[in-house]
Protein chains: 4
Amino acid sequence: MIRAGIVGATGYSGIELVRLLSGHPNVHIQRLYTSSAASEGEALAKVFGHIEQLQLPELQAIDTKSMTDDTDVIFLAAPAGVSAKLTPGLLAGNCRVIDLSGDFRLKSADLYRQWYKKDPAPEEQLAQAVYGLHEWNREAIADAVLLANPGCYPTAVLLALVPLIKSGWVNPGSLIVDAKSGISGAGRGASLAVHFSEVNENFSAYKVGQHQHTPEIEQELSRFGQEKVIVQFTPHLVPMTRGIFVTAYAQLEAGKSLEELQQLYESAYADKPFVRVRPAGSYLRTKDVYGSNYCDIALHLDERTGRVIVLSVIDNMVKGAAGQAVQNMNTMFGMAETTGLLLSPVFP
Amino acid sequence: MIRAGIVGATGYSGIELVRLLSGHPNVHIQRLYTSSAASEGEALAKVFGHIEQLQLPELQAIDTKSMTDDTDVIFLAAPAGVSAKLTPGLLAGNCRVIDLSGDFRLKSADLYRQWYKKDPAPEEQLAQAVYGLHEWNREAIADAVLLANPGCYPTAVLLALVPLIKSGWVNPGSLIVDAKSGISGAGRGASLAVHFSEVNENFSAYKVGQHQHTPEIEQELSRFGQEKVIVQFTPHLVPMTRGIFVTAYAQLEAGKSLEELQQLYESAYADKPFVRVRPAGSYLRTKDVYGSNYCDIALHLDERTGRVIVLSVIDNMVKGAAGQAVQNMNTMFGMAETTGLLLSPVFP
Amino acid sequence: MIRAGIVGATGYSGIELVRLLSGHPNVHIQRLYTSSAASEGEALAKVFGHIEQLQLPELQAIDTKSMTDDTDVIFLAAPAGVSAKLTPGLLAGNCRVIDLSGDFRLKSADLYRQWYKKDPAPEEQLAQAVYGLHEWNREAIADAVLLANPGCYPTAVLLALVPLIKSGWVNPGSLIVDAKSGISGAGRGASLAVHFSEVNENFSAYKVGQHQHTPEIEQELSRFGQEKVIVQFTPHLVPMTRGIFVTAYAQLEAGKSLEELQQLYESAYADKPFVRVRPAGSYLRTKDVYGSNYCDIALHLDERTGRVIVLSVIDNMVKGAAGQAVQNMNTMFGMAETTGLLLSPVFP
Amino acid sequence: MIRAGIVGATGYSGIELVRLLSGHPNVHIQRLYTSSAASEGEALAKVFGHIEQLQLPELQAIDTKSMTDDTDVIFLAAPAGVSAKLTPGLLAGNCRVIDLSGDFRLKSADLYRQWYKKDPAPEEQLAQAVYGLHEWNREAIADAVLLANPGCYPTAVLLALVPLIKSGWVNPGSLIVDAKSGISGAGRGASLAVHFSEVNENFSAYKVGQHQHTPEIEQELSRFGQEKVIVQFTPHLVPMTRGIFVTAYAQLEAGKSLEELQQLYESAYADKPFVRVRPAGSYLRTKDVYGSNYCDIALHLDERTGRVIVLSVIDNMVKGAAGQAVQNMNTMFGMAETTGLLLSPVFP
């Protein structure tokens, strides 16, 4: 059994890791860490009644020694900034790290500083970190000791756009990504921004042109294109808990048909069990992937405008966070990527 | 008192007209028409308990004679196709008509046939109909006898984009409109598409590149530009009852600043009581106009991409339907446009 | 014009008072007070964009002098404990006070201490305060200088049960009140308890047998019965913003029929414009009173069990708070109770 | 592998059976039946995109021969009335039947006729049917060939009340059950009653004193008490998709303490893996069991009134329908009751 530790177990990504890892056939949850002194020594079930039936270790203070002594992998589900501090010690102790924060995703320390308004992680770790978009980086992930788990928006956007960028069929300067997310993406911290009475029966935009996932999307898309890609990215908040919906627009340069586009995507994802390329012209909905690790993609071609419109949906807590982290762990430890993750979406 | 009749009183636009007109100081609701034989002779309060306190006429069968005999204005809140049939008789009888369907909005019978898949209204009426986007067509509205009340999406989109198209500052070919609507826009008819368990905690796209409001948006925008405008329009469904949110993207051609853009909009809407140009860079939310006739607009300029992003929100039942209809009626009958409409949004 | 001041204008009851008073024909909002130093000198529209169109005074620090100098009535929409401190000074300065907190509702200082875990207001003010359940205390309200506006739950419960208790037809020991509230009842403060991701798609109970509105309900019901009334009261949270639904059960002692019960209620509320006794056997819904000052009531008699089941619904922000406060103000200042309050519910 | 067939695969209970059975280690979904001629020969994924990844048989017409020829068990997830007609033929063909409708739950044909307004199933089958409340009828279930799967409300109510009735500590005449359900309990059929705009941000009661689950609750409770039990049962609709919340009130006759009550329940459910007796005084919430087969129970004792208040929550689609059906199948086929059902709740 792989012994796993979770930092930030009382957050939403943390508790989703608990849900997935507790059902994983080859993993034992060895350690649960919290940064809240008040919770030390408590059962996680005091915080989250819904997992009362699980046998779990008590919450304990963050402590690098126990991590390196008796865990094989640490999931860091902590706010940006924490991971950068903990990671060097863990790697030194031969513990593999899967980081769910944004600390190791950007290769450029400058971009991190600019978009996150924080000090970046050491260059050495930035260089060492492997970006964990499993469908497009599988080989590197297999050898990773420090894995940067992708952001929720970038996961949905990159899976939607990489085949198109790779193909060279679209004008990279024309990319507009209009994204919509459920509220759980904001985490478990209480604030007016996630107050039920403020967001229920309400739809809003935020961080227009300024979201920190923008450079992550651009960095990764640029790896697959022939030139640096700039993306117009607008996030919105939907009055629902889970789910990300991406509507991406691009100007089709070549005279390609919808059938060719569909063929392109079906080929690209033929052997990717968690990406479901739905029939061309499908109207996706977030609930079709609720609670699961799937990403659904659908292609539309507007003959009037010459634009391709790519839709994609994920569950931000699963494929957008904990599920993708487990998928990466599976590959890092030589298991089938689907191990423990073949849960059907919960519908309705 | 202006004597008003409502066709389709048991639908959502109809009942919203009842809410607004029953509080209007100069209007008496004279007649309520229904196409459901089962409801004839019944009180509207049997259908909608929430208006039990109102003194209202009984529901009756549609009947052109009573309309022309003792009403001054008829609101047609019926499905597309019905209005085209009723209207000639009403106009012949000197009854003014405010039509909330799409039957008279498109000047081109061909476009109607193509997008609505129905036979268009007679050319004579199409020519006679005045498009009721009050903020941009006030003078014609004052003389209208047949008013085509704008669609919900076009209202939000046009108020967001007309100043920009008029200015000539953007590339009209670059317009992308990503729109999101609450479920009430689909009307009161029962179907799987509006089943709570299907749409709750769910976000979806529909009619991508094919929505019948597209030619309406293009027709009206083209009136204000120097060339025919083509729009990429994508509607989405949000798990909420009321509200439309528009995120519109355009490539800024001239080297204009956010301040200049803000000035442009503030000037355009300076004397328009129902359009609130919010501070530049605001993040709008639909609930800020809930239950009211306001349209809020906010401007964003992304220096990295050279795009202007215009956000707008309306309540689809009010400014997007019944409220705008009353606003138009006010002007058609020589009253202040705000009469009976100065309700504050309901928040939270 | 009556000059009104509002303490707690940035809370939900405060902003609802602004909505209602700004549309009131005889009231001028003279002063807006906040306890947040950071907001002093700011426009309320900075906090609540949805009222940007209103001409309002700036937010200012709480200050008894300005209240007594140039307002006729102060609405205290502040947390329990604040009102008790401010009120003596206001009354001394001849300013009438309408208190929306629980500070003056309980006549017994001991009960206040026991249920609110706070020090009670001075006995003198407790004695002076008039309980503002308008439908059952109109005469005293007309002469009030210090008005204790009822709690949201007590309003819905008392309107549902007073006729029954007065009739003597039910066993007072058999009263069970199962109440359900939207989240806005918890106020605007951020906490995990109102975090969208915690309460959306979720239904829960809280304070079972321990809610501080219990003694308020018992105190007022006991005034109308022949013996002291004890109530089993259970509050629940519904994933919606506004609305209270009450399901009240009582053992019918006399052999009364549903028709007699219906007659009892219709008589009791015949001249009460904001109580709508719906047809016997109706199934109420909270949305039927959304945004309005109405309270709907429906009676059910279960022949199998001999119990009467009374349903009632209110909008907790209106009839359960700000609307009832304005209704009380109307009577305190000699106006018709409905002045400024005849807004139809917003549906859907 | 057990070969399973599902009648009504395109309904909500049917698709939930597909979710659970497709993840069950010992079951093969052999047949999917539909009563809709239009769907015959189609893939279920055409109806439900979210299960596109599953290898499933095509939808086919209902046909007793294929059921008895090559399935071991048939799940009937069809409306009341259908099961009564199909079952005799299935049993004659040695196919075991698990019926999710109400057709075989009531032992009394008269009560069925009275509450369901339909003709009852033949007496022979009524006598043969085993009521599948697993926690309280395990032995009979192990031998069942015709299993009547409990209703969603009765499951939550019975698990909450059986220990209390068995104990003899409460007055059975005092039982009041105030129940709240998510909308999916109404099934997938489109109607105004489940229209999003009608039920969102809305809470309502329905069938007060008249719900067909009432005699089912009374029949089963009466088996455990010393006298016939009559229950006051009121169902409500909550604006959420999944979940049932039960608030049950009973007059405690004996002078029992909360500790004794807690002990009673902990003993009763000590070896029942899907019932979680939470700490005394807990406030339950439906989301704590979302997507899972758990039933959570919490006890409250109100010293002021002498009443015990029992709270319980289930996911109506799982423990209230498909999950409990699979639990019953497990026992009918000699497997551990938890096989394939140990999914953690999905939170948030």
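Computed from a prediction, not measured in an experiment: that's the story for all the values here. (Residues numbered from 1 in each chain as written. Chains lettered and ligands numbered in written order. Predicted model: local features only at pLDDT ≥ 70, side-chain atom pairs only at ≥ 80, totals over all residues. Heavy atoms only, no water.)

Q: Explain the overall build of chain A here, please?
A: Helix and strand counts for chain A come out as 12 helices and 14 strands. For 348 residues, the compact-globule estimate of 2.2 N^0.38 gives 20 Å, and the C-alpha radius of gyration of chain A, at 20 Å, lies within 12% of that figure. When its C-alpha atoms are laid out on the principal axes, chain A stretches across 65 × 45 × 40 Å. In chain A, buried positions account for 67% of the 348 residues. In chain A, 70% of the contacts between residues at least 6 apart in sequence involve partners at least 24 apart. Counting only carbon and sulfur atoms, one obtains 48% of the accessible surface of chain A, whose full area is about 10800 Å². Of note, chain A has its 29 positive side-chain charges centred 1 Å away from the centre of its 36 negative side-chain charges. (Helix = DSSP H or I, 4+ residues; strand = E, 2+ residues; numbered from the N terminus. Rg over C-alpha atoms; globule rule 2.2 N^0.38 Å. Buried < 20%, exposed > 50% of the residue type's maximum accessible area, 1.4 Å probe, protein only. Contact = heavy atoms within 4.5 Å. Areas by Shrake-Rupley, 256 points an atom, 1.4 Å probe, with all protein chains shown as cover. Lys, Arg positive; Asp, Glu negative; His and termini not counted. Charge placed at Lys NZ, Arg CZ, Asp CG, Glu CD.)

Q: Quick question: what am I supposed to make of the relation of the copies chain B and chain A here?
A: Two chain copies, one operation linking them: a rotation about an axis together with a shift along it. Here chain B sits on chain A after a turn of 180° about the axis and a move of 0.0 Å along it, with an RMSD of 0.0 Å. Taken together, these values place the two copies in the relation of a two-fold axis. With an isologous cut-off of 70% or more, the 100% of interface residues of chain B that recur at the interface of chain A puts this contact in the isologous class. (Least-squares fit on C-alpha atoms with pLDDT ≥ 70 in both.)

Q: Explain the pattern of salt bridges here, please?
A: Note on pairing: side chains with opposite charge can pair once their charged atoms come close. Applying the stated criterion to the full structure yields 88 salt bridges over all chains. Glu220(B) is the salt-bridge partner of Arg223(B), the closest N and O atoms lying 2.7 Å from each other. Of the two residues, Arg223(B) and Glu220(B) both sit in helix α10 (residues 214–224), three residues apart, roughly one turn of that helix. For Arg223(B), a relative accessible area of 44% gives the class partly exposed. The network of salt bridges with common partners includes Glu52(A), Arg188(A), Glu198(C), Arg276(D), Arg278(D), Arg285(D), Asp288(D) and Asp296(D). (Salt bridge = Lys/Arg side-chain N within 4 Å of Asp/Glu carboxyl O.)

Q: Before we go on, may I ask you to explain the packing of aromatic side chains in this structure?
A: In the structure shown here, the tally under the stated rule is 38 aromatic pairs over all chains. Measuring from centroid to centroid gives 6.0 Å for Tyr290(A) and Tyr290(D), while their planes differ by 55°, and the two rings are tilted. Residue Tyr290(A) is found in the loop between β12 (275–277) and β13 (295–302), and its partner Tyr290(D) is found in the loop between β12 (275–277) and β13 (295–302); the two belong to separate chains. Of the two residues examined, Tyr290(A) and Tyr290(D), each falls in the buried class. Members of the aromatic cluster, joined through ring pairs, are Trp136(A), Phe224(A), Tyr265(A) and Tyr269(A). Against the face of Tyr290(A) rests Lys287(A), its NZ or CZ located 5.7 Å from the ring centre. (Phe/Tyr/Trp six-rings, centres within 6.5 Å; stacked < 30°, edge-to-face > 60°. Lys NZ or Arg CZ within 6 Å of the ring centre and 35° of its normal.)

Q: What is the right way to look at the sheet that holds strand β7 (residues 146–148) of chain A in this model?
A: Strands in a sheet are paired, the pairing made by backbone hydrogen bonds, and the direction either parallel or antiparallel. Residue and element names in this part refer to chain A. An order of β3-β2-β1-β4-β5-β7-β6 is seen for the seven strands of this open sheet, with the pairing classed as parallel. Edge positions in the sheet fall to β3 (59–61) and β6 (130–131), since each has one partner strand and no second. As defined by bridge partners, strand β4 (residues 73–76) adjoins strand β5 (residues 96–99) across four bridges and the pair is classed as parallel. Across the sheet, Ile74 pairs through a bridge with Val97, a residue of β5. (Pairing = 2+ DSSP bridges.)

Q: Honestly, the domain arrangement of chain A in this entry has me stumped. Any pointers?
A: Put simply, an interface is often sized by how much accessible area is lost when its parts join up. Residue and element names in this part refer to chain A. Under the domain assignment used here, chain A contains domain 1 (2–128) and domain 2 (153–316). Here domain 1 and domain 2 have C-alpha centroids that lie 27 Å from each other. Taken together, the contact between domain 1 and domain 2 spans 13 residues of the former and 14 residues of the latter. Buried surface at the junction of domain 1 and domain 2, summed over both partners, amounts to about 1100 Å²; 56% is from carbon and sulfur atoms. The interface formed by domain 1 and domain 2 includes two salt bridges. Where domain 1 touches domain 2, the interface holds six residue pairs in polar contact (both at pLDDT 80 or more). (Domains from an automatic or database assignment. Buried area = accessible area lost by both parts, 1.4 Å probe. Polar contact = N/O pair within 3.5 Å; in protein donor to acceptor, adjacent residues only side chain to side chain.)

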